[in-house]
Amino acid sequence: MDNNVSELVERLGSEEDAVRKMAVFKLQSSIGDPSFADIFIAEDGLTRLRYLTLHASGNTLAYSLTSFARLLEVDKGWECVDQELVERVVELIVTHPLVNILRGAMSILVSIVSHPYSGGRLSQSGTFGFRALKPAIALYPQFLEMLVSRLSSADHALCANALQLINSLMRDSITNDSELEWPKFIQKLQDLGVIKAVYSLMQGTALQDHAHPLIEFQSLTKVLLRKWRDIPLDLEKPEHRRALKSIHLASSQDKATETGSDVHRSRKHNSDKWRRLGFETESPVIQFEEMGFLGMMDLADFVRNHQDGFQKMLLEQSTKPTQQRCPIARASLSVTSILYDHFEVDKSEVEDSKSYLLLESRSNLDKVFRPLLLHWTRLHVAGLHAFFRLWKSTSAEVEDYDKIVELVRILIESVVGGAPRTKDVQDVEEELADFEYSRLRSLQMELLELTYEDVWGQHLRQVREELQHEALQFVKEQRIRCLLQGAWFPNGGTTNVEGKQTTLKWRYVQLSHNRRFLHFGDFETTDDIKRPELDVLSGKIDLSTVSSVVSNVSASPDNSSSSTVKSMSQQRVSSTKITIHGYVYSTAASGETQKTNGHSRSGSRATQREATLLTLRPESPSIASEWLDGLLMLLNQQPITAETSKLIKLISNYGLKIRLLNVRFDDAVFAGEAPAVPSREGLTSDYYYDIFGGS
């Protein structure tokens, strides 16, 4: 192997370009082996590789850059990394158009920027980290712009390399730059369009090719948010003081206020300078304790970009009683907190390790990536507008503040949390703006039910079963009462016989008061007789002889109503049919048979046969549901129509919600540990405990 390496190193120094190209081509596939790399360096190959990296061109340069990058990846060859090499690589990224050269150059810079500061003499001279690039970037100021532009490259590998380098620069800057420097660098990247470019990649179809640098960028976004949140608001710092002052200045319609003079401000204005903006006290710094400078940034961005709306809202609120005013600043901080919790920013490091494991499966990609996180500011503005809308639509007061916060939290969880990876942020903004309050309250009740389900478990299931049974009995009685009231049903249709039209006949059906017989009779018209008495109805069915009730009414909510409604709009007689089957006496059978008005009695089942006793044609889905399920429940069978099932569920759920709303978590078993049983020591046999008044 030593001879092969020696020969390869010798070829790297050849005067013929073709020989050098072939040698460095072979080198790039072997140099990633640490043992090979050690021998290569011992044979003085590193010096020749560095020379090619600095002076070669074309494919020879591309292979040299790739080889050097792989050598650095196995943590070797750092002694040849100096400012000259860094400047050469930065220059290539800015000026060279060839993709295969750009890939290798970016990989070298990733290793240099990511290399730790400690552990060597060169690290003290600024050869590694972001600071190693700063002199070169000063010579080529378009470097960052070119780097961000590569994120839209059609070459997926180049795009991934560019993002990987951006990640390395961001991480190093956040970790090692001063408090004043790293925010400026992050802002510069954002101004160059890095958010838009990465957001597009996250929503793209080539997600697998960019997966690892994308998940790292997402993680770094959380690191940034957490870092901003952890910076306390300090008015001793000029940038913090300016940010807070900008909020106050934006609230004033009097431009003279912007001079900072108090001459144009009334005493009343000064007395509630900050409270009128929605702070709880005249010491706004206290309000930022939870969300730190992140809360200040979100509020300042909203005020700066929506100044007219901000001033208009302040004017509207000033006309209302104090208790009815929406606290704008406080609401902004609450929305920031809701987003912070929703995206689990504090769990970023733990979640990252899980995310990398999930990346192994393509099916998990949509679960890992959350592109909407990158549009934090837009989500904050949309959430804040939703807060204002809910406050106004519910006529909320200050004491209702926490309730509105909870509604906004549910709204964010539903819309933002439920958005698929490819859903555009503008669609999310529109959905947040259009989400109906009634639907939001319904979601809140479902979540409340789930919360109690977690806490109560078996007890809640028992309550639900009891309510389900009560609802079933209630609906059963309602359906049977429909039968007791009676109803008209079409009996046949309009026909043409020998040029004459026959009139439509009607059938009236009613359950007897003792609920044992079903009376019916046929009539030419319903005009003269609105509700016939039972004694004028010629037909009568003993319900004890009924064997089954069948119908073509669908149990599916999708089909039960739509098909019936359609048929009724097109023809007079409904196609829906309810058929009552029962036992009648066979004429061939021996034994005494009595038949009176369609009612059969006496005889054994052995002498009976099953036949159709009555057919009903309901005119609407509601009547069909009432009579079909009413008959079934009268016969102690389960209802089957979707309308009845929906009614039972509705009543049961309302009962459950009423009970939930009247129980607190600290009631009963949730009040804490049970008190100790009092000792009987020293007590006589006359001792007793009064459950009303104490011992």
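Residues numbered from 1 in each chain as written. Predicted model: local features only at pLDDT ≥ 70, side-chain atom pairs only at ≥ 80, totals over all residues. Heavy atoms only, no water.

Quick word on the overall build of the protein chain
And step 1. Scanning the protein chain from N- to C-terminus turns up 29 helices and 11 strands.
And step 2. Sorting the 695 residues of the protein chain into buried and exposed places 45% on the buried side.
And step 3. For the protein chain, long-range pairs separated by at least 24 residues make up 69% of all intrachain contacts whose partners lie at least 6 apart in sequence. (Helix = DSSP H or I, 4+ residues; strand = E, 2+ residues; numbered from the N terminus. Buried < 20%, exposed > 50% of the residue type's maximum accessible area, 1.4 Å probe, protein only. Contact = heavy atoms within 4.5 Å.)

As for the sheet that holds strand β8 (residues 578-585)
And step 1. Sheet architecture is open: three strands sit in the order β7-β8-β11, paired in antiparallel fashion. Pairing within the sheet leaves two strands with one partner each, and these edge strands are β7 (546-551) and β11 (608-616). Ignoring which end each strand starts from, the neighbouring axes of this sheet average 25° apart. (Pairing = 2+ DSSP bridges. Axes fitted to C-alpha atoms, helices over the stretch in contact; angles between N-to-C directions.)

Some points on the sheet that holds strand β5 (residues 517-523)
And step 1. Here four strands make up an open sheet; going across it, the order is β1-β4-β5-β6 and the pairing antiparallel. Because the sheet does not close on itself, it has two edges, and the strands there are β1 (487-491) and β6 (539-542). Across the sheet, the mean angle separating the axes of adjacent strands is 25° when strand polarity is ignored.
And step 2. Sheet analysis places β1 next to strand β4 (residues 505-511), joined by five bridges and oriented antiparallel. Paired with Pro490 across the bridge in β4 is Trp506.

Focus: the packing of helix α11 (residues 156-176) against helix α14 (residues 207-229)
And step 1. At a minimum axis separation of 9 Å, α11 and α14 run at an interaxial angle of 20°. In terms of orientation, α11 lies roughly parallel with respect to α14. For the crossing formed where α11 meets α14, the hand is left-handed. Touching His156, Cys159, Ala160, Leu163, Gln164, Asn167, Met170, Arg171 and Ile174 of α11 are Asp209, His210, Pro213, Leu214, Glu216, Phe217, Ser219, Leu220, Val223, Leu224 and Lys227, all from α14. (Parallel < 35°, antiparallel > 145°, perpendicular 65-115°, else oblique. Left-handed = near helix turned anticlockwise from the far one by under 90°.)

Here we look at a negative patch on the surface
And step 1. A cluster of acidic residues, Asp424, Asp427, Glu430, Asp434 and Glu436, forms a negative patch on the protein surface.
And step 2. Along the polypeptide, Glu430 turns up in helix α24 (residues 425-434). (Patch = residues over 30% accessible without salt bridge, like charges linked within 9 Å, V, L, I, M, F, W, Y side chains within 5 Å. Areas by Shrake-Rupley, 256 points an atom, 1.4 Å probe, with all protein chains shown as cover. Salt bridge = Lys/Arg side-chain N within 4 Å of Asp/Glu carboxyl O. Lys, Arg positive; Asp, Glu negative; His and termini not counted. Charge placed at Lys NZ, Arg CZ, Asp CG, Glu CD.)

Observations concerning the pattern of salt bridges
And step 1. By the definition in use, this model includes 22 salt bridges.
And step 2. Of the charged contacts in the structure, one is a salt bridge between Glu431 and Lys423, with a shortest N-O distance of 2.4 Å.
And step 3. Of the residues examined, Glu431 reaches a relative accessible area of 25% and is grouped as partly exposed.
And step 4. One salt bridge connects Lys505 with Glu524, and the closest N-O pair in it is separated by 4.0 Å. Taken together, the positions of Lys505 in strand β4 and Glu524 in the loop between β5 and β6 put the pair 19 residues apart, joining distant regions of the chain.
And step 5. The partly exposed category is assigned to Lys505, whose relative accessible area is 39%.
And step 6. Judged by relative accessible area, Glu524 falls into the partly exposed class, the value being 46%.
And step 7. The network of salt bridges with shared partners includes Arg50, Asp82 and Glu84.

Details of the layout of surface pockets
And step 1. Here the largest pocket is characterised by a volume of approximately 1200 Å³.
And step 2. Lining the largest pocket are 43 residues, and of these Gln187, Gln190, Trp228, Met297 and Asp301 sit closest to its centre.
And step 3. Contributions of two or more residues to the lining of the largest pocket are made by α12 (181-191), α13 (194-203), α14, α15 (238-251), α17 (292-305) and α22 (376-393).
And step 4. When residues of the lining of the largest pocket are assigned to their parent elements, the largest contribution, 10 residues, is made by α17.
And step 5. A per-class count over the lining of the largest pocket returns 24 nonpolar, 10 polar and nine charged. (1 Å grid on protein atoms, 1.4 Å probe; cavity = no way out; pocket = protein on both sides within 12 Å on 5 of 7 lines; lining within 4 Å. Points joined across faces, edges and corners; volume = space filled by probe spheres on them. Nonpolar A, V, L, I, M, F, W, Y, C, P; charged D, E, K, R; others polar.)

Quick look at a nonpolar patch on the surface
And step 1. A cluster of nonpolar residues, Leu650, Tyr654 and Ile658, forms a patch on the protein surface that exposes about 320 Å² of accessible area.
And step 2. Examined against the element boundaries, Tyr654 turns out to sit in helix α29 (residues 642-661).

A word on α13
And step 1. Buried residues dominate α13, accounting for eight of its 10 residues.
And step 2. Considering only its buried residues, α13 is in contact with α10 (143-149), α11, α12, α14 and α24.

Notes on unusual backbone geometry
And step 1. Even without being a glycine, Asp44 presents a positive backbone phi close to 65°.
And step 2. Considering the arrangement of structural elements, one finds Asp44 in the loop between α3 (34-42) and α4 (45-55).
And step 3. Asp44 sits in the partly exposed class, given a relative accessible area of 43%.
And step 4. Phi at Ser395 takes a positive value of approximately 50°, unusual for a residue other than glycine.
And step 5. Within the fold, Ser395 resides in the loop between α22 and α23 (401-415).

What to know about the packing of α15 against α17
And step 1. Between α15 and α17, whose axes approach to 10 Å, the crossing angle comes to 35°. Once α15 is placed against α17, the crossing between them reads as left-handed. Across the interface between the two elements, His240, Ala243, Leu244, Ile247 and Ala250 of α15 pack against Phe293, Met296, Leu299, Ala300 and Val303 of α17.
And step 2. Partitioning the contact of α15 with α17 into residue classes produces nine nonpolar, one polar and no charged.

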